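Structural overview
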Amino acid sequence: MSSKVFSAAVTGLEAELIEVEADVSNGLPATIIVGLPDTAVQESKERVKTAIRNAGSVYPSTRVSVNLAPADVPKLGTQFDLPIALAILLAGKQVSFNTTDRIFIGELSLDGQLRRING
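Predicted model only: the values in this text are computed from it and were never measured. (Residues numbered from 1 in each chain as written. Predicted model: local features only at pLDDT ≥ 70, side-chain atom pairs only at ≥ 80, totals over all residues. Heavy atoms only, no water.)

1. Brief notes about the overall build of the protein
When helices and strands are counted, the protein shows two helices and six strands. Each helix (α) and strand (β) of the protein, taken in turn from the N terminus, gives the series β-β-β-α-β-α-β-β. Overall, the protein is about 40 × 30 × 25 Å in size when its C-alpha atoms are taken along their principal axes. Considering the protein as a whole, with its 119 residues, one finds that 39% of them fall into the buried category. Across the protein, contacts joining residues at least 24 apart in sequence account for 71% of those joining residues at least 6 apart. Working note: accessible area of the protein is about 6600 Å², and carbon and sulfur atoms make up 53% of it. Taking the average place of the 11 positive charges on the side chains of the protein and the average place of its 13 negative ones, the gap between the two points comes to 7 Å. (Helix = DSSP H or I, 4+ residues; strand = E, 2+ residues; numbered from the N terminus. Buried < 20%, exposed > 50% of the residue type's maximum accessible area, 1.4 Å probe, protein only. Contact = heavy atoms within 4.5 Å. Areas by Shrake-Rupley, 256 points an atom, 1.4 Å probe, with all protein chains shown as cover. Lys, Arg positive; Asp, Glu negative; His and termini not counted. Charge placed at Lys NZ, Arg CZ, Asp CG, Glu CD.)

Here it is in structure tokens:
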């Protein structure tokens with residue numbers, strides 16, 4: 001099952017809409033993030049996995065693929081933690097809500113709390 005939520009990449013005073021797509025499918029347990037992520041976004045795999053578990057949900061024990069589109073826009077910082085987590089939970093059918101006309105931005109702590117971001 002796949003899902004999509006929206007976020008934004010902030011560059012200076014400008015913001016560009018980013019589609020955060022997640023797919024939870026059969027396969028060996030692995031989490032892959034593509035779409036020109038920087039090191040902080042790559043590290044979000046561990047923050048998101050731990051935050052989901054510590055918030056009382058179940059992180060999928062299968063293959064999780066996350067795409068940040070458009071791929072030619074650099075994704076910098078920890079602001080994609082929240083949209084990645086929500087996309088994974090939606091794809092795994094652990095939550096259900098209307099994502100239309102909403103943008104999600106935020107860093108997650110390891111206990112699942114939402115942290116503010118700069119910008």
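2. Side note on the nonpolar core
Across soluble globular proteins, you tend to see nonpolar side chains buried next to one another. Core analysis: the largest hydrophobic core is formed by 28 residues, its most contacted members being Val20, Val48, Val66, Leu68, Ile84 and Ile88. Of all the secondary-structure elements, those providing two or more residues to this core are β1 (2-11), β2 (14-25), α1 (39-54), β4 (63-69) and α2 (81-91). Counting residues per element, this core draws most heavily on α2, which supplies nine residues. Every residue in contact with valine 20, bar those within four places of it in the chain, is listed here: Ser3, Lys4, Val5, Ser7, Val66, Asn67, Leu68, Pro83, Ile84 and Ala87. (Core = buried A, V, L, I, M, F, W, Y, C linked by side-chain atoms within 4.5 Å.)

3. Comments concerning the environment of isoleucine 18
Among the structural elements, isoleucine 18 can be located in strand β2. The exposure class assigned to isoleucine 18 is buried, which follows from its relative accessible area of 0%. Note: C-alpha distance between isoleucine 18 and leucine 68 (50 residues apart in sequence) is 6.5 Å.

4. As for the environment of proline 37
Assignment of secondary structure puts proline 37 in the loop between β3 (30-34) and α1. Each C-alpha atom of the pair proline 37 and leucine 76 lies 6.6 Å from the other, and the pair is 39 residues apart in sequence.

5. Looking at a nonpolar patch on the surface
Taken together, Leu17, Ile103 and Ile105 make up a surface patch of nonpolar side chains, about 260 Å² in accessible area. With respect to the secondary-structure elements, isoleucine 105 resides in the loop between α2 and β5 (107-108). With a relative accessible area of 32%, isoleucine 105 lands in the partly exposed category. (Patch = residues over 30% accessible without salt bridge, like charges linked within 9 Å, V, L, I, M, F, W, Y side chains within 5 Å. Salt bridge = Lys/Arg side-chain N within 4 Å of Asp/Glu carboxyl O.)

6. Regarding the side chain of serine 109
Among the structural elements, serine 109 can be located in the loop between β5 and β6 (114-115). In terms of polar contacts, serine 109 uses its side chain to reach the side chain of aspartate 111, at 2.3 Å. Sequence-distant contacts of serine 109, that is, excluding residues within four places in its chain, are made with Ala51 and Arg115. (Polar contact = N/O pair within 3.5 Å; in protein donor to acceptor, adjacent residues only side chain to side chain.)

7. As for the packing of aromatic side chains
Enumeration over the complete set of coordinates arrives at one aromatic pair. With 5.9 Å between their ring centres and 75 degrees between their planes, phenylalanine 97 and phenylalanine 104 make a pair best called edge-to-face. (Phe/Tyr/Trp six-rings, centres within 6.5 Å; stacked < 30°, edge-to-face > 60°.)

Honestly, it's all geometry; don't read function into it.
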